[in-house]
Amino acid sequence: MAAPADGADLEASLLSFEKLDRASPDLWPEQLPGVAEFAASFKSPITSSPPKWMAELENDDIDMLKELGSLTTANLMEKVRGLQNLAYQLGLDECLSWERNTFCYQCQPSVRFDLH
């Protein structure tokens, strides 16, 4: 069995005091071009002014974002499904309205609907 001093000698023999310059593009090429600039753009200090898109929001919009942000994944999916169903129903109602208008126009050709 090897003595404990042998383990320490092995560790000492594995140490390297070579200084590597990590700024060198030859030694450390960028794996994905543009990532370094992208990461550097987020190192700027956080400003106290809100982002441009948030400046246009009203209090009701912010409250809705907070409400949606507090939902669980299942509740959020249920909310999205409800919105999809509502949009589908609105489309059906719009289609029915167009059909009704077309039928009225055929029954009374003297009546003109200005759609523009």
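Residues numbered from 1 in each chain as written. Predicted model: local features only at pLDDT ≥ 70, side-chain atom pairs only at ≥ 80, totals over all residues. Heavy atoms only, no water.

Here we look at the overall build of the protein
As a reminder of what qualifies: Strands here mean DSSP runs of E at least two residues long; helices mean DSSP runs of H or I at least four residues long; both are numbered from the N terminus. For each residue, the accessible area found with a 1.4 Å probe, counting protein chains only, is set against the maximum for its type, and the residue is called buried under 20%, exposed over 50%, and partly exposed in between. The method behind every accessible area is Shrake-Rupley, applied with a 1.4 Å probe, and residues are considered shielded solely by the protein chains displayed.
A count of helical and extended segments in the protein gives 5 helices and 0 strands. If you list the helices and strands of the protein from N to C, you get α-α-α-α-α. The buried share among the 116 residues of the protein stands at 1%. As displayed, the protein offers around 11500 Å² of accessible surface, 61% of which is attributable to carbon and sulfur atoms.

Notes on a nonpolar patch on the surface
For clarity, the cut-off: To count toward a patch, a residue needs a relative accessible area over 30% and no salt bridge; like charges are then connected within 9 Å, while nonpolar side chains (Val, Leu, Ile, Met, Phe, Trp, Tyr) are connected within 5 Å. Between Lys or Arg on one side and Asp or Glu on the other, a salt bridge is scored when a side-chain nitrogen of the former is within 4 Å of a carboxyl oxygen of the latter.
On the surface, a cluster of nonpolar side chains totalling about 330 Å² of accessible area is made up of Trp 53, Met 54 and Leu 65. Secondary-structure assignment places Met 54 in helix 3 (residues 52–55).

A short note on the environment of Ser 13
The cut-off we apply is this: A 3.5 Å cut-off defines polar contacts: any pair of N or O atoms within that distance qualifies, except that in protein one atom must be a possible hydrogen donor and the other a possible acceptor, and neighbouring residues in sequence count only when both atoms are side-chain atoms.
The residue Ser 13 is located in helix 1 (residues 4–14) in this model. Of the polar contacts made by the side chain of Ser 13, one reaches the backbone oxygen of Leu 10; its length is 2.7 Å.

Some words on a negative patch on the surface
The line we're drawing: When charges are counted, Lys and Arg contribute as positive and Asp and Glu as negative, whereas His and the chain ends are disregarded. A single reference atom marks each charge: NZ on Lys, CZ on Arg, CG on Asp, CD on Glu.
Judged by side-chain charge, Glu 58, Asp 60, Asp 61, Asp 63 and Glu 67 come together as a negatively charged surface patch. Residue position: Glu 58 is located in the loop between helix 3 and helix 4 (59–70). Using a relative accessible area of 54% as the deciding quantity, one classes Glu 58 as exposed.

Description of helix 4
Test applied: A helix's residues, less one, multiplied by 1.5 Å, set its expected span.
In a regular helix each residue adds 1.5 Å, so 12 residues correspond to 16 Å; helix 4 covers 17 Å between its end C-alpha atoms and thus fits that length. With 0 of 12 residues buried, helix 4 lies mostly on the surface of the structure.

Quick look at the pattern of salt bridges
Any two side chains of opposite charge can pair if their charged atoms end up close together. Under the counting rule described, the total for this entry stands at 1 salt bridge. Across the salt bridge formed by Arg 81 and Glu 78, the nearest N and O atoms sit 3.0 Å from each other. Here Arg 81 and its partner Glu 78 are both found in helix 5 (residues 73–107), 3 residues apart, which amounts to about one turn of the helix.

Details of the confidence of the model for the protein
If pLDDT is low for a region, its predicted coordinates should not be looked at in detail. So the rule is basically this: How sure the predictor is of each residue is captured by pLDDT, a score from 0 to 100.
Mean pLDDT over the protein stands at 78; residues scoring 70 or higher make up 72%. Averaged over each element, pLDDT in the protein is lowest for helix 2 (residues 35–41) (73) and highest for helix 4 (91).

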